[in-house]
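# An overview of the molecular structure
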Amino acid sequence: MNLYLKMLMKYLFLFLFGGVVYAGIEIGFRGYTYFLMGIVGAIAFVLIGSMNEIFEWDTPLLLQMICGSFIVTFLEFVVGSILLQHGIRMWDYSDQWLNYKGVICPFFSVIWCFISLLAIIVDDYLRYWFFGEEKPSYQLL
């Protein structure tokens with residue numbers, strides 16, 4: 001199998017895994033989800049997992065978690081703003097402190113930090129177990 005096909009298969013696997021897991025988290029939290037939320041979750045999972053392509057292994061987990069939170073908050077802002085222009089609200093943070101048009105808020109950005117931690121670790125181990133990449137090692141600070 002050539003290199004490009006292997007990369008495509010790896011990222012397709014990670015995309016589908018991230019989307020299904022995120023949809024499951026959302027169903028567990030809210031009782032329902034939207035197909036587009038699974039896609040946004042999949043994109044976030046792949047982007048968060050790809051941080052290891054940018055950062056070294058000794059990059060503190062806390063910094064990676066913060067970057068993961070920014071990734072998810074940015075995706076929520078972009079997707080939520082586009083949907084809001086069409087009168088669609090897949091989520092609504094209007095009742096949250098310091099929210100922006102109900103699309104993003106600090107409280108959920110903090111939650112995304114902790115969910116990003118899970119995504120970072122799961123992605124790293126999936127890459128290690130299934131794709132023969134470097135064994136994960138972490139520094140908290």
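Above this note sits the structure.
Here goes a summary of the coordinates provided. What you see is a predicted model, and the numbers here were worked out from it, not measured in a lab.

Rules used in this analysis
Residues numbered from 1 in each chain as written. Predicted model: local features only at pLDDT ≥ 70, side-chain atom pairs only at ≥ 80, totals over all residues. Heavy atoms only, no water. Helix = DSSP H or I, 4+ residues; strand = E, 2+ residues; numbered from the N terminus. Expected span 1.5 Å × (residues − 1). Core = buried A, V, L, I, M, F, W, Y, C linked by side-chain atoms within 4.5 Å. Buried < 20%, exposed > 50% of the residue type's maximum accessible area, 1.4 Å probe, protein only. Contact = heavy atoms within 4.5 Å. Phe/Tyr/Trp six-rings, centres within 6.5 Å; stacked < 30°, edge-to-face > 60°. 1 Å grid on protein atoms, 1.4 Å probe; cavity = no way out; pocket = protein on both sides within 12 Å on 5 of 7 lines; lining within 4 Å. Points joined across faces, edges and corners; volume = space filled by probe spheres on them. Nonpolar A, V, L, I, M, F, W, Y, C, P; charged D, E, K, R; others polar. Salt bridge = Lys/Arg side-chain N within 4 Å of Asp/Glu carboxyl O.

## Concerning helix α4 (residues 61–85)
When the terminal C-alpha atoms of α4 are compared, their 36 Å separation across 25 residues agrees well with the 36 Å that a helix rising 1.5 Å per residue should span. Downstream of α4 by a residue or two, G87 has a phi angle that is positive, lying close to 75°.

## Topic: the nonpolar core
Generally speaking, nonpolar side chains in soluble globular proteins are found buried as a group. By size, the foremost hydrophobic cluster in this structure holds 27 residues, and its most contacted members are I48, W91, Y93, W112 and I120. Put simply, the parts of the chain that give this core at least two residues each are α1 (3–30), α2 (35–49), α4 and α5 (106–131). At 7 residues, the largest contribution of residues to this core is made by α4. With residues up to four places along the chain from it excluded, the contact list for I120 reads I48, M51, L61, Q64, M65 and Y138.

## So, the side chain of T73
Tracing the backbone through its elements, the reader meets T73 in helix α4. Classification of T73 by relative accessible area gives buried; the value is 13%. What T73 contacts, discounting residues up to four positions off in sequence, is I104, S109 and W112.

## Remarks on the packing of aromatic side chains
Throughout the structure, instances matching the rule amount to 14 aromatic pairs. One aromatic cluster is present, formed by Y22, F29, Y93, F107, F108 and W112 through successive ring pairs.

## Thoughts on α2
With 15 residues, α2 ought to run about 21 Å at 1.5 Å a step, and its terminal C-alpha atoms sit 21 Å apart, in line with that. Among the residues making up α2, those that are buried are M37, G38, V40, G41, A42, A44, F45, V46, I48 and G49. The elements touched by buried residues of α2 are α1, α3 (51–54), α4 and α5.

## Looking at the layout of surface pockets
Where empty space is left in the structure can be found by rolling a water-sized probe over the atoms. By volume, the largest pocket amounts to about 340 Å³. Lining the largest pocket are 20 residues, and of these Y22, I25, F45, I115 and A119 sit closest to its centre. Looking at the lining of the largest pocket, the elements with two or more residues in it are α1, α2, α4 and α5. Of the residues in the lining of the largest pocket, the class split is 16 nonpolar, 3 polar and 1 charged. Together, 17 residues line the second largest pocket, and E26, F29, Y93, F108 and W112 are the ones closest to its centre. Among the secondary structure elements, those contributing two or more residues to the lining of the second largest pocket are α1 and α5. For the lining of the second largest pocket, the element with the highest residue contribution is α1, accounting for 5 residues.

## What to know about the environment of L83
Position of L83 relative to the elements: it lies in helix α4. In this structure the C-alpha to C-alpha distance between L83 and V103, which are 20 residues apart in sequence, comes to 9.6 Å. Look past the residues within four positions of L83 in its chain and what remains in contact with it is L36, I88 and M90.

## Quick word on the pattern of salt bridges
Pairs can form between side chains of opposite charge once their charged atoms are near each other. In this structure the tally under the stated criterion is 6 salt bridges. With its nearest N and O atoms 3.3 Å apart, the salt bridge here joins R30 to E26. Linking R30 with E26, this pair stays in helix α1, spanning 4 residues, or about one helical turn. On the basis of relative accessibility, which here comes to 24%, the residue R30 falls in the partly exposed class. Members of the salt-bridge network, linked through shared partners, are K10, E53, D123, R127 and E133.

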